[in-house]
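Per-entry structural report
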Amino acid sequence: DSGVTQTPKHLITATGQRVTLRCSPRSGDLSVYWYQQSLDQGLQFLIQYYNGEERAKGNILERFSAQQFPDLHSELNLSSLELGDSALYFCASSAGGLSGNTIYFGEGSWLTVV
Amino acid sequence: GEDVEQSLFLSVREGDSSVINCTYTDSSSTYLYWYKQEPGAGLQLLTYIFSNMDMKQDQRLTVLLNKKDKHLSLRIADTQTGDSAIYFCAEASPGSARQLTFGSGTQLTVLP
């Protein structure tokens, strides 16, 4: 158990809909990352938050957004869903800062868009 | 730019050593990671190495880093059937952000 908790584990939704994926980082970790794993793109970095502030953006679509709350949990919002958004979405956390070397991943949220 | 490459498949016999190789291109990387993914499961952090180190050993795992050639390897001693999984190497962006760029993963199959 990595200590990173993601919900829901599985989600099936229709095209055009909006979903929210939730992540609780490991206790004490300030930094949260979101990654997407798909068959054609592999593992891609989406976005990172550190202590409530956006720190870095990767290949995140404009239809996607994220935030990190004062209790440090994070949510990834996916809207106007398309079939190609079907993927495994991972959250990861680290202590952040220069000492945040260990990066632990959650079990992921499987999203299927039909 | 950042690009991490791995071979796609590796088969070994149970009890043998496995060596999974990875090359990266960003010379400013500071940390390099190895993760394991079993079917239907998340990414398990196996180990990581700082780019000023040549080697790191952790029980059955040995990581070797050749910074000049930008080559990273993961050796698993006494490979067991439970080691069958996909292994990803990843390089972290410089500085404190630690965004990871992953390779495509190496499917390790351990034959009895």
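For the structure itself, consult the block above.
Quick summary incoming for the structure in this document. (Residues numbered from 1 in each chain as written. Chains lettered and ligands numbered in written order. Predicted model: local features only at pLDDT ≥ 70, side-chain atom pairs only at ≥ 80, totals over all residues. Heavy atoms only, no water.)

Let us look at the overall build of chain B. Of the regular secondary structure elements, chain B holds zero helices and eleven strands. Helices and strands appear in chain B in the N-to-C order β-β-β-β-β-β-β-β-β-β-β. Relative to a compact globule of 112 residues, whose C-alpha radius of gyration would be 13 Å, chain B shows 13 Å and is just as compact. Counting only C-alpha atoms and orienting by the principal axes, one finds that chain B spans roughly 40 × 30 × 20 Å. (Helix = DSSP H or I, 4+ residues; strand = E, 2+ residues; numbered from the N terminus. Rg over C-alpha atoms; globule rule 2.2 N^0.38 Å.)

To continue, consider the state of the cysteines. Evaluation of the coordinates by the stated rule reveals two disulfides over all chains. Covalently, Cys23(A) is tied to Cys91(A) through a disulfide, its sulfur atoms 1.8 Å apart. An S-S torsion of about -55 degrees defines the bridge between Cys23(A) and Cys91(A) as left-handed. With Cys23(A) in strand S3 (residues 19–24) and Cys91(A) in strand S9 (residues 87–94), this residue pair connects regions lying 68 residues apart in the sequence. In this structure Cys91(A) comes out as buried when scored by relative accessible area, which is 0%. For Cys22(B), the disulfide goes to Cys89(B), at an S-S distance of 1.8 Å. The chirality of the disulfide connecting Cys22(B) with Cys89(B) is right-handed, given an S-S dihedral of about 65 degrees. Of this pair, Cys22(B) sits in strand S3 (residues 18–24) while Cys89(B) sits in strand S9 (residues 85–92), and the two are 67 residues apart along the sequence. (Disulfide = S-S within 2.5 Å. Buried < 20%, exposed > 50% of the residue type's maximum accessible area, 1.4 Å probe, protein only.)

Looking now at the sheet that holds strand S1 (residues 5–7) of chain A. Sheets are built from strands paired through backbone hydrogen bonds, the pairs being either parallel or antiparallel. Residue and element names in this part refer to chain A. The sheet built from four strands is open, its strands ordered S1-S3-S8-S7 with antiparallel pairing. Unpaired on one side and paired on the other, S1 and strand S7 (64–68) mark the two borders of the sheet. Each adjacent strand pair in this sheet contributes to an overall mean axis angle of 15 degrees, direction not counted. Bridge count between S1 and S3: three bridges; the pairing is antiparallel. Across the sheet, residue Gln6 finds its bridge partner in S3, namely Cys23. (Pairing = 2+ DSSP bridges. Axes fitted to C-alpha atoms, helices over the stretch in contact; angles between N-to-C directions.)

Turning to the interface of chain B and chain A, a few remarks are in order. Between chain B and chain A, the contact holds 18 residues from the first and 21 residues from the second. Each partner contributes to the roughly 1,700 Å² buried at the junction of chain B and chain A, and carbon and sulfur atoms together form 56% of this total. Where chain B packs against chain A, one counts zero salt bridges. In this assembly, chain B and chain A are joined by six residue pairs in polar contact (both at pLDDT 80 or more). At the level of secondary structure, the elements contributing two or more residues to the side of chain B that touches chain A comprise strand S4 (31–37), strand S5 (43–50) and strand S10 (100–102) of chain B. Broken down by element, the residue count for the side of chain B that touches chain A peaks at four residues, all from S4(B). (Contact = heavy atoms within 4.5 Å. Buried area = accessible area lost by both parts, 1.4 Å probe. Salt bridge = Lys/Arg side-chain N within 4 Å of Asp/Glu carboxyl O. Polar contact = N/O pair within 3.5 Å; in protein donor to acceptor, adjacent residues only side chain to side chain.)

Geometric values such as these leave the question of function open.
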